[in-house]
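Examination of the molecular architecture
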Amino acid sequence: MLDSVLIFSLLALSLGLILGYAAVKFKVKGNPLVDQIDAILPQTQCGQCDYPGCRPYAIAIASGEAAINQCPPGGQEGVDALAKLLNVETLPLNDTYGETKPEHVAFVDETLCIGCTLCIQACPVDAFLGAPKMMTTVIEDECTGCDLCIPVCPVDCIHIKIIPSTLTAFASNIDEVKNG
Amino acid sequence: MARHKFNGGIFIKNPYPIDKIKIVPAPLPSKVVLPLQQRIGEEAKPCVRVGERVFTGQIIAKTEDDFCVPIHASISGTVVAIDKQLTPHHSGLKSGCITIESDGKDEWIDTNFGINFLRSSKKTLIEHIQKSGIVGLGGAGFPTHTKLNNLKNCHTLIINGTECEPGISCDDALMQNYPQEVMRGIEILLHICGAKHVIIAIEDDKQVAFEALLKYLHNDKIKLQKIPTKYTSGAEKLLIKALLNIEIPSNSFAVEQGVLCQNVATTKAIFDAVELGRPLVSRIVTVTGSAVETVDNYTVRLGASFAHIVNLSKPNTNLHSVRMGGMMMGVDVDNLETMICKITNCIFVNNRQKPIKTQGCIRCGQCNLVCPVNLLPQQLYWYAKNENIDKSLDYNLLDCIECRCCDYVCPSHISLAAYFVFTKALHANKVKEQNKVNIARERFEYRKYRLARNKKEHAEMMAAKKAQLKQKMADDKTQKDKIAAAIERVKKNTKNNDDTSI
Ligand code: SF4
Ligand code: SF4
Ligand code: SF4
Ligand code: SF4
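Just so we're clear, the structure is a prediction, and the values are computed from it rather than from any experiment. (Residues numbered from 1 in each chain as written. Chains lettered and ligands numbered in written order. Predicted model: local features only at pLDDT ≥ 70, side-chain atom pairs only at ≥ 80, totals over all residues.)

Details of the overall build of chain B
Which entries qualify depends on this criterion: By the criteria applied, helices consist of DSSP H or I runs no shorter than four residues and strands consist of E runs no shorter than two, each listed in order from the N terminus. We compute the radius of gyration from the C-alpha atoms alone; for a globule the expected value is 2.2 Å times N to the 0.38, where N is the number of residues. The exposure scheme places C-beta atoms from the backbone and then counts, for each residue, the other C-beta atoms within 10 Å of its own, assigning buried at 20 or more, exposed at 12 or fewer, and partly exposed in between.
Of regular secondary structure, chain B possesses 13 helices and 17 strands. Its C-alpha atoms give chain B a radius of gyration of 34 Å, clearly above 23 Å, the size a compact globule of 502 residues would have. Counting only C-alpha atoms, chain B reaches 145 × 60 × 50 Å along its principal axes. Counting the 502 residues in chain B, one finds 43% classified as buried.

Structure representation (structure tokens):
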């Protein structure tokens, strides 16, 4: 009788210790919900949602502070995806935050640029390359098209360039296929 | 006959057979349009200007991209335009092209740069092949030099003498007319790849071509092998499976497994480039279909319009539907003004028919039986239709070779392959976008970290400076104290001295 009590209490103790250790050791770092929301957001980092970037907005959504329809670059598709993730009714995109624009990047008219470097400081993803009093330029592959650099330029030499569809990046029209 | 085989595939009779295959040289076109975009890689940049005079074989556009080959003028004359035009591509998008108007003289650039291959290194030959603008002429247009450069421990060289699809006879015509050139080309390839065996694969209905090649077969490393005339047996990976029983996984290339596969027309082009010093400026094209009177093969300069050779085959006056490439895997084009490019192996001109109405899938399972790569098109169709990319990938979407065998047998006339092409494109776009998003996230986070680090470093620097200053002041103080003490001491001493002197 006594030894069985002893065995079981030892067993319970050791298992408890293991579980306790595992809980500390394998604790999920960060907030998984925020990560999931952040994965859906387009990472344009434009701040149109009234938060200083996509992750802060993700945190605000996760805490229930912000609505899910404030991100114009993500478009209606993005709102729907968020609704699905959070298991809530989807909402129409709130156009007071701006409208969805076609995919584009910024480029600097290098003949006009005076090298003030204000754009370098404005860019949320460090897509600018340049030196003070020389000139700056945009690394096209890194630009997210957030347009934050456009208003800060004192000589208005930053413009946007729409990315045209090319033969190598082309998806056929599914409706044609379905009706054909 | 091939020892091994793959499952599926279909037997299709050539709908427009020819009794005697011959090659008709087409007259020099008065104008050629040469597209700058190749199958992969970036668009070539023109290195001629509008108004400039060019010679046949002159390089008119090139890129730094290692995948690409330069583009050569296919006639001599004047560059009249560099602009965007429709090219034979199923997107219907325009892409950059150079237009040359002929002066009717066909003056070549100096072509005396043929080289003795036996005395040349592998590298020189591959560079020469790239410079000569050679890409796979079987229909896929994959750059030949890329294949050769990626070759690893090559043990077998396969020369693909199968027509990729029923109805096309340009490779057959080439083998019948240029067997010696093909054999010389094989020797060059053998010199480059150092393979132990060469297999020339020919379909069993091409007896004349088989005998023509046999006449020039003088190397025991080379073997001629007949394979059944079954559709999709010409596809590279399936051909390798049939001949060598080696399966090439979907994410790997044949060259990585030591097998080099080259089309016969490409082999002849390599001969022309290396021995004669001629870049690729023309090709053999089959013109066939229900709307032409004579089905024939033509040698034609690249960039000529479809109409240029279709007219030689006397088309009727009905409304036509035109298709580039085979009846299975070809691309529909709008009209006969489209240009002939390196991958144009065949032009189908058919009387226009009403499109057949598609019906719902009746789950008959026919498609599952014919798929040469053992997919389940019926299941896949279900997911592709609902744009369910993840599930489609689970069903090995990426293995689909877009052969349309499944379409061919489907009693409901569903364009299954079109769904798969679409879903593949969706997947590719998603992957690309995801990459971009991940980079943006990383850079945003890094910037935050960088700003915080700068701030911290700045604060630390300030703190350090402050401490230094304090230290200095403190040091100053001790110094001052010392000086004061010294003065004090001196004063005291003088005082004492004064005392003693008295
Ligand atoms: S609006 Fe959208 S893209 Fe812009 S910062 Fe907010 S979440 Fe990111
Ligand atoms: S370059 Fe301009 S538009 Fe592009 S990400 Fe930076 S700030 Fe935004
Ligand atoms: S198109 Fe794709 S799914 Fe259909 S038979 Fe060919 S490989 Fe199989
Ligand atoms: S062949 Fe057509 S109808 Fe039959 S299972 Fe396949 S898709 Fe469905």
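Concerning the domain arrangement of chain A
Residues and elements named next belong to chain A. The line we're drawing: Start and end points for every domain follow an automatic or database-based domain assignment. Under the convention adopted here, Pro, Cys and the residues Ala, Val, Leu, Ile, Met, Phe, Trp and Tyr are nonpolar, Asp, Glu, Lys and Arg are charged, and Gly plus all remaining residues are polar.
One can read the domain layout of chain A as domain 1 (32-97) and domain 2 (104-162). Computed over C-alpha atoms, the centres of domain 1 and domain 2 are 26 Å apart. Of the residues assigned to the side of domain 1 that touches domain 2, the class counts are 1 nonpolar, 5 polar and no charged.

Some words on the site of ligand 4
All names here are of chain B. For clarity, the cut-off: Any residue whose backbone-placed C-beta atom lies within 6 Å of a molecule or strand is treated as near that molecule or strand.
Looking at ligand 4, there are 16 residues lining it, with Cys 361, Cys 364, Gln 366, Cys 367 and Cys 410 nearest. In terms of residue count, the dominant contributor to the shell around ligand 4 is helix H10 (residues 377-385) (3 residues). Along the lines of polarity and charge, the residues of the shell around ligand 4 split into 11 nonpolar, 4 polar and 1 charged.

A word on the nonpolar core
Here is the rule: Put simply, a nonpolar core is buried Ala, Val, Leu, Ile, Met, Phe, Trp, Tyr and Cys residues tied into one set by C-beta atoms within 7 Å. Once C-beta atoms have been placed from the backbone, residue pairs whose C-beta atoms lie within 7 Å are recorded as contacts.
Ranked by size, the top nonpolar core spans 123 residues in total, and within it Ile 158, Val 285 and Ile 347 of chain B carry the most contacts. Residue contributions to this core peak at 8 residues, all from helix H4 (residues 179-193) of chain B. Residues within four places of Ile 158 of chain B in sequence aside, it is in contact with Ile 199, Ala 201, Leu 239, Ile 240, Leu 243, Val 259 and Cys 261 of chain B. Judged by nonpolar contacts, the second largest core, of 14 residues, contains Ala 127 and Cys 149 of chain A together with Ala 440 and Phe 444 of chain B.

Digging into the environment of Val 333 of chain B
Residue and element names in this part refer to chain B. Relative to the elements of secondary structure, Val 333 occurs in strand S16 (residues 331-333). According to the C-beta neighbour criterion, Val 333 is buried, with 24 such atoms within 10 Å. Sequence spacing of Val 333 and His 89 is 244 residues, and the spatial spacing of their C-alpha atoms is 7.8 Å. Aside from chain neighbours lying at most four places away, what touches Val 333 is Pro 88, Val 322, Arg 323, Met 324 and Thr 338.

A look at the pairing of strand S8 (residues 94-102) of chain B
For clarity, the cut-off: Two strands form a pair only when DSSP identifies at least two bridges running between them.
Note that strand S2 (residues 31-35) of chain B and S8 of chain B share 5 bridges and pair antiparallel. Of the residues in S8 of chain B, the one forming a bridge with Lys 31 of chain B is Glu 101 of chain B.

Observations concerning H4 of chain B
Residues and elements named next belong to chain B. Using the following cut-off: A helix is expected to reach a length of 1.5 Å times the quantity of its residues less one.
Spanning 15 residues, H4 covers 21 Å between terminal C-alpha atoms, matching the ideal 21 Å at 1.5 Å per step. With respect to burial, H4 is a largely interior element, 12 of its 15 residues being buried. Residues of H4 that are buried include every one of Pro 179, Glu 181, Val 182, Met 183, Arg 184, Gly 185, Ile 186, Ile 188, Leu 189, Leu 190, Ile 192 and Cys 193, and no others. Two residues or fewer after H4 comes Gly 194, characterised by a positive phi angle close to 65 degrees.

Focus on the site of ligand 3
Residues and elements named next belong to chain B. Taken together, 15 residues sit near ligand 3, with Cys 371, Cys 400, Cys 403, Cys 406 and Ala 417 positioned nearest. Residue contributions to the shell around ligand 3 peak at 3 residues, all from helix H13 (residues 416-501). Grouping the amino acids of the shell around ligand 3 by side-chain chemistry returns 13 nonpolar, no polar and 2 charged.

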